[in-house]
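# Survey of secondary and tertiary structure
Each chain, written out:
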Amino acid sequence: MTSPVIASIKVGLAILAALYISLMSLYAGWIRRKVRAKVHGRVGPPWWQEYADLAKLLFKEDLMPPTANYGLFTVTPALCLAAALTLSVAVFPIFYSLSDLILVAYLLMTVSVCLVLAGYASNNPYSIVGSRRALLGLLLYELPFVIVLITIFMLTGTTNIFEIISWQIKHGPLIMYLPLSAAAFILCTPIKAILNPFSIVTAETELMEGVLLEYSGRRLAVLELAHKMEFYILAVLFSIVFTSWWVYEYNLALWCLWVIFVSLLFILVASFVDALTARLQPYKASKFYWIITTALSVINLVAVIVPKILGVLP
Amino acid sequence: MGVKERAFRRSLWIYHFNASSCNACEIEILAAISPRYDPERLGVKLVGSPRHADILLVAGPCNRVVAPMLKKVYEQMPEPKIVVAVGTCALGRGVWYDSYAIVGVDEVIPVDVYVPGCPPRPYMIVAALAEAAKLLEERAARFEKR
Ligand code: SF4
C-alpha cells in the first residue's frame, strides 16, 4: 500500500481535489448570483465573474486599519484558507486516515471560528456585532450537526468516510436509515454558508458585510475564497456521505461525476431558497434551529439507538 | 491587455455615499442598478464597506458637516479607485452654488467622472460606470502594489 508510486499518485489527487474545490466554489458562487438574477428577471453576471472579482481583489491595495489588531488581522485569513484547503482534501476519500467525519467537523468549525476572529480583530463596531452573530450561528448549528455525526457513528460504527461508504454498500443507503438526520444536515447548510433565510452573520443591509467589513485586497480575497469553499465543501460532503454509495462500487470515474452533479444540484436548490426568502431575525433563526433542526437530529438519534440496543439493526 | 486590467475592468464594486443630497439622486442610482438596466452584467456590485470598493458614487453638494466624512471614506478605499460624482449638485454645487454651508464634492476629494442632471437619468449613471471602468483599467495598469 505504501509504495512511492501510490503515495505520489495520492498526493497528486490531493492537489487536484484542493484545486477542484477552490475553482468550483467560485463557480458555485456564480450559480448563486445567477439564480438570484434570474429570480429578479435580470440577465446576471457572466460565468467568470467570481474569478474576475477574486483576481481584482488580489491586485488591489491591502489596507490595514489603525484600530485593528495587527497579528490576528494578518493570521486569520491565512489560517482560514489553510483550514479550507485541508478540508477540501479531507472530504474526498483519498487518504484513509484524513477523510474522517470528526476531522471534517473540526475543520469546518475552524473556518467559522477564523471568520469570528477576523471580525474581532478588525475592531470595528459593525464587525464585532457580526462576530457575535457568527458565534450565535456556531451555537445554533454545531449542536444538530454534531448530533447528525454521532447518529452516523452510532449506526455505522465508524466515522471514516471510506468505511461509511462501504457500510452503505453492504447494508443499504444511509439516507434510508437517517432521513431526518439528512434533513437536519441540509438545514444546517444555509446558516453555515450564510445564505438566506439565515444570513444573519453578514447581513449586507444592516451590518454592511459584518465580519469582513474592514478587510480589503488580498486578505479579503482569501477570506471570501475560504468562505465560498466552505459552502461548496458542505455540498460535496452531503453528496459523498449520503448519496454516492451506489456508484462507488461501480466505477470511480462515474463516482466523481456523480459527486459533481449532486453537489451542483445541492448548490442550485440552496441558491433558489436563498433568492426566494427574506432574512429572519436572529432570535427567530435561533428558535428554528434549537427547536426544529435539533429535534429532527435527536429524533433520528433515538430512532437509531433504541433498535441498536434491542438488536434489531446491524 | 493583461489579467490585471481585465479583472479591474470587469469587476466594479461600488460604494455609494450620500453627501447631503436631496435623495432624488439616490433614487436614480437605485433605478440604475435595478433589473431594467442590470449593471451586474458588467460586474457591478453594490458593497457595504468602502474598504471593498473600487468606485465611490457621490451624490449631493457636500456640506460642511459631511465633508470630513467624505474625505475619510475616500481615504479608506484601497487603491486603485475612481470617484463618480452624480448630479448637478456634485458637479458644480447646483442650486446651492453660493451657499455658506456647502463645500462642494470636488474640493474635498478628486472627482474623475461627472454625471450632469438634476437628477441624472439612470442610463447616464450606467454610462458613467462604463466610463469609470475604462479609467479604472488605465489606473490599474499604472498601479504598483507596495
Ligand atoms: S443634483 Fe438635484 S436631485 Fe441630485 S442631489 Fe442635487 S438637487 Fe437633488
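So, here is what we can say about the structure in this document. This structure is a prediction, so every number in the text was calculated from the model and none was measured. (Residues numbered from 1 in each chain as written. Chains lettered and ligands numbered in written order. Predicted model: local features only at pLDDT ≥ 70, side-chain atom pairs only at ≥ 80, totals over all residues. Heavy atoms only, no water.)

### Considerations on the overall build of chain A
To keep things clear, this is the line we draw: Secondary structure elements are taken from DSSP: a helix is a run of H or I of four residues or more, a strand is a run of E of two residues or more, and numbering for both begins at the N terminus. Our radius of gyration looks at C-alpha atoms and nothing else; its globule reference is 2.2 Å times the residue count to the power 0.38. Classification of residues uses two cut-offs on accessible area relative to the type maximum, computed with a 1.4 Å probe and protein chains only: under 20% is buried, over 50% is exposed, and between them is partly exposed. Each accessible area is a Shrake-Rupley result for a 1.4 Å probe, and residues are judged covered by the shown protein chains and nothing else. Counting rule applied: Lys, Arg positive; Asp, Glu negative; His and chain ends not counted. One atom stands in for each charge, and that atom is NZ of Lys, CZ of Arg, CG of Asp or CD of Glu.
Each helix and strand counted, chain A has 13 helices and 0 strands in total. For chain A, the N- to C-terminal ordering of α and β elements is α-α-α-α-α-α-α-α-α-α-α-α-α. Taken over C-alpha atoms, the radius of gyration comes to 20 Å for chain A, in line with the 20 Å a tight globule of 314 residues would show. Its C-alpha atoms put chain A at 60 × 50 × 45 Å along the principal axes. Considering chain A as a whole, with its 314 residues, one finds that 56% of them fall into the buried category. Accessible area of chain A: about 13,200 Å², with a carbon and sulfur share of 75%. Charged side chains of chain A number 20 positive and 15 negative; the gap between the two group centres comes to 5 Å.

### Some thoughts on the pairing of strand β1 (residues 12–18) of chain B
All names here are of chain B. Rules: A pair of strands is considered paired only if DSSP assigns at least 2 bridges between the two. If you view a crossover with the strands going away from you and the path from the first strand over the helix to the second runs clockwise, you call it right-handed.
Counting buried positions along β1 gives 5 out of 7 residues, so the element sits mostly inside the fold. In this sheet, strand β2 (residues 44–46) lies alongside β1 in parallel orientation, the contact comprising 3 bridges. Within the sheet, the bridge partner assigned to Trp13 lies in β2 and is Lys45. In this region the chain leaves β1, passes through helix α2 (residues 24–32) and returns to the parallel neighbour β2; the handedness of that crossover is right-handed.

### Considerations on the sheet that holds strand β5 (residues 113–115) of chain B
Residues and elements named next belong to chain B. This is how the line gets drawn: In this analysis an axis means a line fitted to C-alpha atoms, helices contributing only their contacting stretch, and an angle means the value between N-to-C directions, from 0 to 180 degrees.
Taken together, 5 strands build an open sheet; the order of strands is β2-β1-β3-β4-β5 and the sheet is parallel. This sheet does not close on itself; its edge strands, each paired only once, are β2 and β5. Here the average twist between neighbouring strands, direction ignored, is 25 degrees. In the sheet, strand β4 (residues 82–86) pairs with β5 via 3 bridges, with the strands oriented parallel. If you follow Val84 over to β5, its bridge partner there is Val113.

### Details of the interface of chain B and chain A
What counts, and what does not: Contact definition: two residues touch when any of their heavy atoms are within 4.5 Å. Throughout, buried area stands for the accessible area (probe radius 1.4 Å) lost by two parts on being put together, summed over both. By definition here, a salt bridge exists when the distance from a side-chain nitrogen of Lys or Arg to a carboxyl oxygen of Asp or Glu is within 4 Å. Any pair of N or O atoms that falls within 3.5 Å is considered a polar contact. Within protein, one atom must be able to donate a hydrogen and the other to accept it, and sequence-neighbouring residues count only if both atoms are side-chain atoms. Amino acids are sorted into nonpolar (Ala, Val, Leu, Ile, Met, Phe, Trp, Tyr, Cys and Pro), charged (Asp, Glu, Lys and Arg) and polar (every other residue, Gly among them).
Across the boundary between the two partners, chain B contributes 29 residues, which contact 30 residues of chain A. In total, about 2,600 Å² of surface goes out of reach between chain B and chain A, with carbon and sulfur atoms giving 55% of it. Remark: the boundary between chain B and chain A carries 6 salt bridges. Between Glu40(B) and Arg42(A) there is a salt bridge whose closest N-O contact spans 2.5 Å. Across the contact surface, chain B and chain A share 18 residue pairs in polar contact (both at pLDDT 80 or more). Every element with two or more residues in the side of chain B that touches chain A is listed here: α1 (3–10) and α3 (67–76) of chain B. Ranked by residue count, the leading element in the side of chain B that touches chain A is α1(B), at 5 residues. Split into classes, the residues belonging to the side of chain B that touches chain A amount to 11 nonpolar, 6 polar and 12 charged.

### Notes on the packing of helix α2 (residues 49–59) of chain A against helix α10 (residues 217–243) of chain A
Between α2(A) and α10(A), the least distance of the axes is 7 Å, while the angle of their chain directions is 145 degrees. Contact residues: Glu50(A), Leu54(A), Leu57(A) and Leu58(A) in α2(A); Gly217(A), Arg218(A), Leu220(A), Ala221(A), Leu225(A) and Lys228(A) in α10(A).

### Thoughts on the packing of helix α3 (residues 70–91) of chain A against α10(A)
Residue and element names in this part refer to chain A. Put simply, the rule reads: With respect to orientation, any angle under 35 degrees is reported as roughly parallel, any angle over 145 as roughly antiparallel, any angle of 65 to 115 as roughly perpendicular, and every other angle as oblique. The crossing is said to be left-handed when, going from far helix to near helix, the turn is anticlockwise and less than a right angle, and right-handed when the turn is clockwise.
At a closest axis distance of 9 Å, the pairing of α3 and α10 adopts a crossing angle of 25 degrees. It follows that α3 is roughly parallel to α10 by the angle criterion. Viewed along their axes, α3 and α10 form a crossing whose handedness is left-handed. Contacts between α3 and α10 involve Phe73, Thr74, Pro77, Ala78, Cys80, Leu81, Ala84, Leu85, Leu87, Ser88 and Val91 on the former and, on the latter, Arg219, Val222, Leu223, Leu225, Ala226, Met229, Ile233, Val236, Leu237 and Ile240. Split by residue class, the contact of α3 with α10 holds 18 nonpolar, 2 polar and 1 charged.

### Examining the pairing of strand β3 (residues 55–59) of chain B
Residues and elements named next belong to chain B. When you tally the buried positions in β3, you get 5 out of 5 residues, the bulk of the element. Judged by which residues are buried, β3 turns out to be covered on both faces: Ile55, Leu57 and Ala59 on one side and Leu56 and Val58 on the other are all buried. Pairing between β1 and β3: 5 bridges, direction parallel. Within the sheet, the bridge partner assigned to Tyr15 lies in β3 and is Leu56. When β3 meets β4, the two strands line up parallel, connected through 5 bridges.

### Description of the pattern of salt bridges
Evaluated as defined, the whole model comprises 20 salt bridges over all chains. One salt-bridge network, in which partners are shared between bridges, spans Arg33(A), Arg42(A), Glu50(A), Asp53(A), Glu224(A), Lys228(A), Asp38(B) and Glu40(B).

Nothing here speaks to function; it is all geometry.
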